[in-house]
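If you want the building blocks of each chain, they are given just below.
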Amino acid sequence: MKVFARISVLLMALCACAYTSASAADPAKHEYETEQLFQPIPTDYTPSQFGGAPFDWREYGATATHVDRSSGWMWKHVGGDWIDRAGVAQGSAAWLTWPANAVSGLTAANRYSVDVTELVKAVRATGKWNALILKASGSTRSIAGAKNSAAPVINVVYADGTAGALACLYSTRMTTSTSYVVSNSPTHTLPAVLEFEKPSKDIISATLLITVTSHPSGKATIAGNLLDPPVNTNPVEFGVARSAGPLDEGITAQPGVIGAHRYLDGSARAEFISSSGLNIYAERDYDPYIWGRGEHDYTKLPHRDLGKWVAAGNQYQLVDSQYKGEGFEPLAPGLGAMRVSMPATDAKTGSVVGYSGTTASIAKIYMPEPEFGRLDRVFVRYYVRWGTPLDNSFKNRFEVKQGPTSTPVWTDMGGKFGITPSHETTDGGVSGTSGGGYGWQMRLSWSDRNPELGPPTGGATTLGVHTYDFGLHNPIGHRYGDGKKPHMLGQQGGLGGVMWPGQWYEIEMMVDLNTLLPTAPGYLADGAVKVWVDGRLALEMTNMVMRTAPIYTRTYREGYIRPARELGIRDLWFNWFHGGKTRNTVDRTVFITGVVWGKEYIGPMSLNPTALVAH
């Protein structure tokens, strides 16, 4: 009766999480939906075969601050989040406890048998991960981890009378002494987290067998609690798209909407792609009125082909809903997509590749001239799907040289991505030098998780905001660099930080620029970035600086582009780039559809299954 009461308390405590694990038949769409919580790594380092540095795998998995360091999924409390058997978050009523003391002077390793029946029954009843945190009070203790020959195991007796063993899938120390993952250590000084296989059916008993590897002087008690990582429960937010018709029909008539691309069956590529041949990086191809150099010239940018992708190359292909390549399935019947490709280069281990990566897209959609360089806030929403199969295995991560005598480096398998608001200029358009008075860029970052990682996230893509761009030109204190602010999309309960090929994801980004001041210091730190994934808030960054006064001025150079007006949003930039400074080594394809941009939050499209044709 006590067991039932405690599980009932736990169920009530967890009901707000709305956690549902994915089954094999229904693969996870978000990281917190996976059957397994933690991401193991095959090794800490893969040695170089070419005289360079080893490849470091220690980005993936749990630390004292992160459930998954690489995706940005953070604990609420440094050291991990748990729920005790009374249903209290960070409570002290441990699910399991035992004395781990030297016996008759023995200080060597000792195997303990601990009853965890209540905990495992709660895991079974709630669908939570079979993961726990262990802490020692009194003297320090260390345990054998998942990579130890004496790894922990939970022996169970099922309700049907059969017996089973739940293997330890993962273990790591929860320490603030390093920001890297230490899950491959064979032993862990407590506190540490452990994850076991989940029971496949109801149980009547469960026993944890665990080795304490040494018993230094002093008494110690080890206690364990059920891990309860934060899961994103933000509600779906509906915007102006909800008032539009199916598949965004009539959305350009909604308040605040500036433009939209509806890639319906029957559409033509020319409806969305400019063939003007104008150069997005040359001021001579822009209306001189913008910089006060003369009267309007409506044959030039941004007027020419306003609302279309400018500088979209042959890698842009409009496909209809019947397209079958690269694992494509339509977001909805009658709705096609823009297929953008990034072919593999011939770079292999030992290749001299120079200092540039591989560009698949630099295309832009411009704001109307009256708002070009003046808009302070823009929302852009689109749906994205990475094509399959994607052979991003480690065997395609080569060691290359930038120059003939350079030290070899591993190919990135990552870079920049996304359709994002921008004020990219010649003087503020190089990664790491944006911001300040020079113009700015606001891109997403992407990074492959090689399939060799295995479950739960091997083969997926990790996304974040590429804050590294705000470098040397930004004021001190706002030269962010990746990692100086929580910038990964998974920051809020694991939503959006990991995305799998072959699934559609809705991404909406808001960039709200900081205020310019006419006097020193030239700015207020009141800028903000938000990203929604599938209509739910996944990332929020505040108190940011993207631009400052005075605006950098230089004389007109026809083949370059200067900052314009108040450094407001000029365009939407679809920048898909591999690098870093190494070339792409894998054929890649991405599908984009449902692109809408405006001054108000847009929200998810109404996905009515009725097939539509282009107007």
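Note that the coordinates shown come from a computational prediction; the quantities given were computed from them, not determined experimentally.

Calculation notes
- Residues numbered from 1 in each chain as written.
- Predicted model: local features only at pLDDT ≥ 70, side-chain atom pairs only at ≥ 80, totals over all residues.
- Heavy atoms only, no water.
- Helix = DSSP H or I, 4+ residues; strand = E, 2+ residues; numbered from the N terminus.
- Buried < 20%, exposed > 50% of the residue type's maximum accessible area, 1.4 Å probe, protein only.
- Contact = heavy atoms within 4.5 Å.
- Areas by Shrake-Rupley, 256 points an atom, 1.4 Å probe, with all protein chains shown as cover.
- Lys, Arg positive; Asp, Glu negative; His and termini not counted.
- Charge placed at Lys NZ, Arg CZ, Asp CG, Glu CD.
- Core = buried A, V, L, I, M, F, W, Y, C linked by side-chain atoms within 4.5 Å.
- pLDDT = per-residue confidence, 0-100.
- Pairing = 2+ DSSP bridges.
- Phe/Tyr/Trp six-rings, centres within 6.5 Å; stacked < 30°, edge-to-face > 60°.
- Lys NZ or Arg CZ within 6 Å of the ring centre and 35° of its normal.
- Polar contact = N/O pair within 3.5 Å; in protein donor to acceptor, adjacent residues only side chain to side chain.

As for the overall build of the protein chain
The helix and strand tally for the protein chain stands at 2 helices and 33 strands. Within the span of the protein chain, comprising 615 residues, buried residues form 57% of the whole. Restricting the contact set of the protein chain to residue pairs at least 6 apart, pairs at least 24 apart contribute 75%. Accessible surface, the protein chain as shown: approximately 23,600 Å² in total, 54% of it carbon and sulfur. Positive and negative charge centroids in the protein chain, built from 55 and 55 side chains respectively, lie 5 Å apart.

Structural notes on the nonpolar core
Burial of nonpolar side chains together is a common tendency in soluble globular proteins. Counting 77 residues, the largest nonpolar core has Phe38, Trp309, Val529 and Phe574 as its most contacted members. Broken down by element, the residue count for this core peaks at 5 residues, all from strand β20 (residues 377–386). Excluding its chain neighbours within four sequence positions, the residues that come into contact with Val529 are Met442, Val465, Met509, Met510, Leu539, Glu540, Met541, Met544 and Met546. In this structure, Tyr112, Leu166, Ala192 and Ile210 belong to the second largest nonpolar core, which totals 31 residues.

Considering the confidence of the model for the protein chain
Summing up the model confidence of the protein chain, the mean pLDDT is 92 and the portion of residues at 70 or higher is 94%. For residues 1–25, every residue scores under 50 in pLDDT, and the model assigns this stretch 44 contacts once sequence neighbours within four places are set aside. Taken together, the stretch residues 610–615 has pLDDT below 50 and engages in 18 contacts with residues farther than four places along the chain or on a different chain.

Focus on the pairing of strand β24 (residues 419–423)
For β24, a buried count of 5 out of 5 residues is recorded, marking the element as mostly surrounded by other parts of the structure. Burial along β24 is two-sided: Ile419, Pro421 and His423 facing one way and Thr420 and Ser422 facing the other are all buried. For β24 and strand β32 (residues 571–578), the ladder comprises 4 bridges, and the chain directions are antiparallel. The residue bridging Pro421 from the neighbouring strand is Leu572, located in β32. Where β24 meets strand β25 (residues 440–441), 2 bridges bridge the pair, whose relative direction is antiparallel. In the sheet register, Ser422 faces β25, and the bridge partner there is Gln441.

Details of the packing of aromatic side chains
Inspection of the entire model under this criterion finds 30 aromatic pairs. Centre to centre, the rings of Trp309 and Tyr316 are 6.4 Å apart; their planes meet at 55°, and the pair counts as tilted. A residue is classified by how much of its surface remains accessible, and Trp309, at 1% relative accessible area, is buried. On the accessibility criterion, Tyr316 (3% relative accessible area) is buried. A centroid spacing of 4.4 Å and a plane angle of 20° characterise the contact between Tyr438 and Tyr552, whose relative ring orientation is stacked. Pair noted here: Tyr438 is in the loop between β24 and β25 and Tyr552 is in the loop between β31 (536–544) and β32, with a separation of 114 residues, a long-range link. Joined through ring pairs, the aromatic side chains of Trp309, Tyr316, Trp386, Phe417, Phe574 and Trp576 make up one cluster. Residue placement shows Arg58 over the ring face of Tyr180; its charged tip is 4.1 Å from the ring centre. Between Arg557 and the ring centre of Tyr560, over which it is positioned, the NZ or CZ distance is 4.0 Å.

Overview of the environment of Trp440
One can find Trp440 in strand β25. Trp440 gets classed as buried once you look at its relative accessible area, which sits at 0%. Separated by 43 residues in sequence, Trp440 and Gly483 place their C-alpha atoms 19 Å apart. Of note is the side chain of Trp440, whose polar atom sits 2.9 Å from the backbone oxygen of Leu567.

Some points on the pairing of strand β11 (residues 163–173)
As paired strands, strand β10 (residues 153–158) and β11 are joined by 5 bridges and run antiparallel to one another. Residue Val157 lies in a different strand from β11, and its bridge partner there is Ala163. Hairpin geometry of β10 and β11 is characterised by an intervening segment of 4 residues between the two adjacent antiparallel strands and by a positive phi of about 95° at Gly161. Bridge analysis of β11 against strand β13 (residues 192–196) gives 5 bridges, and the strand direction is antiparallel. Paired with Thr172 across the bridge in β13 is Val193.

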